[in-house]
Amino acid sequence: MNNTDEGLLRESLKRMNAVLKQSFQVNKNPFPWLKAFYAGLAAALPVFIGVLFGSFENGLLAGIGGFTYLYVFDIPYVQRAKKIFLVLLSITFSVFIGTILAPYVALSVLMMGVIGALAIFIFGALKITGPSALFFVLCFAMATGMPVDPSLAPIRAGFVFLGGSLSWILAMLGWFFHPHKPEIKAVKRVYCELAELMDSIGTSNVNMVRHRVINVMSEAEAVLFAGYSSRPSTKLWSQLFLLNEHANLIYSSIAAISTTTDQIPPALGQSVREISEMIGASNLPSKEAALPEEMSAEIESIAKRVFEAKGILMASLKELKHEQFVKPSLKTTLLGAVDKNSIVFLSSVKYGVVLIIAALIAYSFPFEHAYWIPLSCAAVMSGPTIIATFHRAVQRMMGTVIGLLIAGVILITVHNGFVVALLILCLTFLTELFIVRNYGFAAIFFTASALIMAEYSSQVFDYPYFAVVRVTDILIGSLIGLAGVVLIGRKSASNLLNHFVAKTIRSQGQFLVAMYSNYIPYEDIQSKEQSKMQTNLTNLVTVYQSALGELFGNRARLEALWPVIFSIKQISHELNISMKYGLEKKFPERELAQWLYAMEIMALSIENNLYPERKELPFVEGFSHLHNEVFNLQKEMEQWE
């Protein structure tokens, strides 16, 4: 072995060791105490009611519906009501179809893959937060492991629906007290980050903060979209919408001077923080931060926008006029993700195929309750990247061993239904409490909870046999999931990066032409060209994040690509601002053609792995921000290549 091979081996071992250590890192996220309690209540209350009415097994069935609450996240209640109800229907359907197909192994194997793939695709395409396919696969798998009797499908599904309905009620309780809490939280965060950006001007981390501001503004817009209702807007919702729109204008003004100004007056940042504190507050502070008397024209422009934002908080409902919301259609969003190069589409297909292979292996050999193999495979593959999948595999195995010990002690010593219900509450509570810190800790309690629900349903208490079988099944499933992700998706994201960078730049140029060529109606620009650009940008960021998580990717090159991604995101933001506020501006056709040519050259260069040739961009009045961002993109591409 020569020195080069030894160096590569040492580097690989060093990286694998680092990845292994990361599996046991504990995040510093705050504990979600209230959500964890409600999750435990949703899982345990149906069991308690079942025991109370002398039907422990049906109570456990209804407890399966309690998994619905695990999909509750801090999103607007309008969206939450729809999302949790659809999750409830999906879990109910999974149990129903699992009971129907239990006698037919081939169909069960195929359906398990279809359920997993569809859930991964829908959650990815619609950017829905949550455990994605895991609990749909779990419910289907548990139904196939129950005593085979297709005639019981309506009864089982009915009890699951009742348990899930309780979760829906618990999820919506907050609406009675704080109906716009998620929207308020999102917009408050935007103004906090804007204040941080003002403080960072002239420092080395200004670009990092700019990126953070873009992200929180996009998240706030998505939250406001989700919380929008066709009914007349409330004063608070209109304020939040206009405040987020105004934040975009403030950001553009700051970004325009971020490279030419050393400092923004600290009092201006403090004034923006005051706005954040005022959002949603019943008592508005009377004292305001004092600004310096002498300011440059650029600083004065930012200060004017800040005080306009404060004016929005003081305005009446009649004064809060804003444009009608035009939501992108569900069809447009889903079709945008159905592409042979879409990472969401490819990930869902990969997930389904590996899940089918795991189920085929499980049902082809005489494993007892074989569904634990594909279930473990599904849990491991839930990691968004290969490294995250490796973390999940390590954490799942660790959680399995400890969770088995806990479940074993419970199965041996506890035979009272009320105590079992209380233990399910505690275990589910701990699962939700620790999932934000480390998946491995959560897997301990999730494994124990799922095992006691399954084993008490079958009334089998042979612990040594049960322990060996479960450890074997879960380890095999985890290894299949890890192997499948490594073999199928080892470098797929890296291979797609150039394509998506080129595709996004090209769609930005097409969007610019569509806005200022005067040939395309406004509605078509918004529904087609703007939507296409946003879809391509989302795909690009997803692919980039996936590539960073590959075990054997060229990490140095990927990290060097980040300034290019950053510039592309800034261009998209400026184009979106132009769509909202700058369509009355004039962009001469000759200059427009030169801009489009420059962007097409960039796209062709990266698509064909060629050294990009910088093209001069003619200056157009009113588009100086966009000019700077496109120029920066050319410069960053030269440095990257």
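Residues numbered from 1 in each chain as written. Predicted model: local features only at pLDDT ≥ 70, side-chain atom pairs only at ≥ 80, totals over all residues. Heavy atoms only, no water.

Engineer: Describe in detail the overall build of the chain, supporting the description with residues and values.
Structural biologist: Scanning the chain from N- to C-terminus turns up 24 helices and 0 strands. In the form shown here, the chain has an accessible surface area of approximately 29,300 Å², with 62% of it arising from carbon and sulfur atoms. (Helix = DSSP H or I, 4+ residues; strand = E, 2+ residues; numbered from the N terminus. Areas by Shrake-Rupley, 256 points an atom, 1.4 Å probe, with all protein chains shown as cover.)

Engineer: Provide a residue-level description of helix 17 (residues 417-434), including the pertinent values.
Structural biologist: Along its 18 residues, helix 17 runs 26 Å from first to last C-alpha, staying within 8% of the 26 Å computed at 1.5 Å per residue. Residues of helix 17 that are buried: Gly417, Val420, Ala421, Ile424, Leu425, Leu427, Thr428, Thr431, Glu432 and Leu433. (Expected span 1.5 Å × (residues − 1). Buried < 20%, exposed > 50% of the residue type's maximum accessible area, 1.4 Å probe, protein only.)

Engineer: Before we move on, could you go through the packing of helix 14 (residues 343-364) against helix 15 (residues 372-380) and cite the residues and values that matter?
Structural biologist: Contact geometry for helix 14 and helix 15: axes closest at 8 Å, N-to-C directions at 155 degrees. In terms of their interaxial angle, helix 14 and helix 15 are classed as roughly antiparallel. Of the two possible hands of crossing, helix 14 and helix 15 adopt the one that is right-handed. Seen from helix 14, the contacting residues are Tyr351, Val354, Leu355, Ala358, Ala359 and Ala362; seen from helix 15, they are Ile373, Pro374, Cys377 and Ala378. (Axes fitted to C-alpha atoms, helices over the stretch in contact; angles between N-to-C directions. Parallel < 35°, antiparallel > 145°, perpendicular 65-115°, else oblique. Left-handed = near helix turned anticlockwise from the far one by under 90°. Contact = heavy atoms within 4.5 Å.)

Engineer: Please set out the packing of aromatic side chains residue by residue, giving values where relevant.
Structural biologist: Summed over the entire model, instances satisfying the criterion amount to 22 aromatic pairs. For the pair phenylalanine 587 and tryptophan 595, a centre-to-centre distance of 5.2 Å together with 90 degrees between the ring planes defines the contact as edge-to-face. Accessibility expressed as a relative area gives 1% for tryptophan 595, which makes it buried. Lying over the aromatic face of phenylalanine 31, arginine 437 brings its terminal NZ or CZ to 3.9 Å of the ring centre. (Phe/Tyr/Trp six-rings, centres within 6.5 Å; stacked < 30°, edge-to-face > 60°. Lys NZ or Arg CZ within 6 Å of the ring centre and 35° of its normal.)

Engineer: Which residues make up helix 14, and what values go with them?
Structural biologist: In a regular helix each residue adds 1.5 Å, so 22 residues correspond to 32 Å; helix 14 covers 31 Å between its end C-alpha atoms and thus fits that length. Listed as buried for helix 14 are Ile343, Val344, Ser348, Tyr351, Gly352, Val354, Leu355, Ala358, Ala359 and Ala362.

Engineer: Residue-level account of the pattern of salt bridges, with values.
Structural biologist: Here the structure, examined in full by the defined rule, presents 10 salt bridges. One salt bridge connects arginine 273 with glutamate 196, and the closest N-O pair in it is separated by 3.2 Å. Within this pair, whereas arginine 273 is found in helix 11 (residues 266-278), its partner glutamate 196 is found in helix 8 (residues 181-200), the two being separated by 77 residues in sequence. The class of arginine 273 is partly exposed, set by a relative accessible area of 23%. Its salt-bridge partner being glutamate 629, residue arginine 210 comes within 2.8 Å of it at the nearest N-O pair. A residue pair is termed long-range when its members are at least 10 positions apart, and arginine 210 in helix 9 (residues 206-227) and glutamate 629 in helix 24 (residues 624-640) qualify at 419 residues. Arginine 210 gets classed as buried once you look at its relative accessible area, which sits at 5%. Since its relative accessible area comes to 6%, glutamate 629 is described here as buried. Taken together, the salt bridges that share partners define one network made up of Glu196, Asp199 and Arg273. (Salt bridge = Lys/Arg side-chain N within 4 Å of Asp/Glu carboxyl O.)

Engineer: Report on the side chain of glutamine 634, specifying residues and quantitative values.
Structural biologist: Within the element layout of this structure, glutamine 634 appears in helix 24. Residue classification places glutamine 634 among the buried positions, given a relative accessible area of 3%. In contact with glutamine 634, not counting residues within four places along its chain, are Met602, Glu613, Arg614, Lys615 and Leu617.

Engineer: With reference to specific residues and values, describe the nonpolar core.
Structural biologist: Grouped together as the largest cluster of nonpolar side chains are 83 residues, with contacts concentrated most on Ile64, Phe67, Ile424 and Tyr456. No other element matches helix 18 (residues 439-458), which puts 12 residues into this core. Excluding residues that lie within four positions of it along the chain, isoleucine 424 makes contacts with Ala43, Ala44, Val47, Leu60, Ser449, Ile452 and Met453. (Core = buried A, V, L, I, M, F, W, Y, C linked by side-chain atoms within 4.5 Å.)

Engineer: Can you tell me about unusual backbone geometry, naming the residues and giving the values?
Structural biologist: Of note, serine 132 is a non-glycine position whose phi angle comes to about 55 degrees, a positive value. You can see serine 132 is positioned in the loop between helix 5 (105-125) and helix 6 (134-145). For serine 132, a relative accessible area of 13% translates into the label buried.

Engineer: Which residues make up the environment of leucine 118, and what values do they have?
Structural biologist: Of note, leucine 118 is situated in helix 5. Separated by 233 residues in sequence, leucine 118 and tyrosine 351 place their C-alpha atoms 9.5 Å apart.

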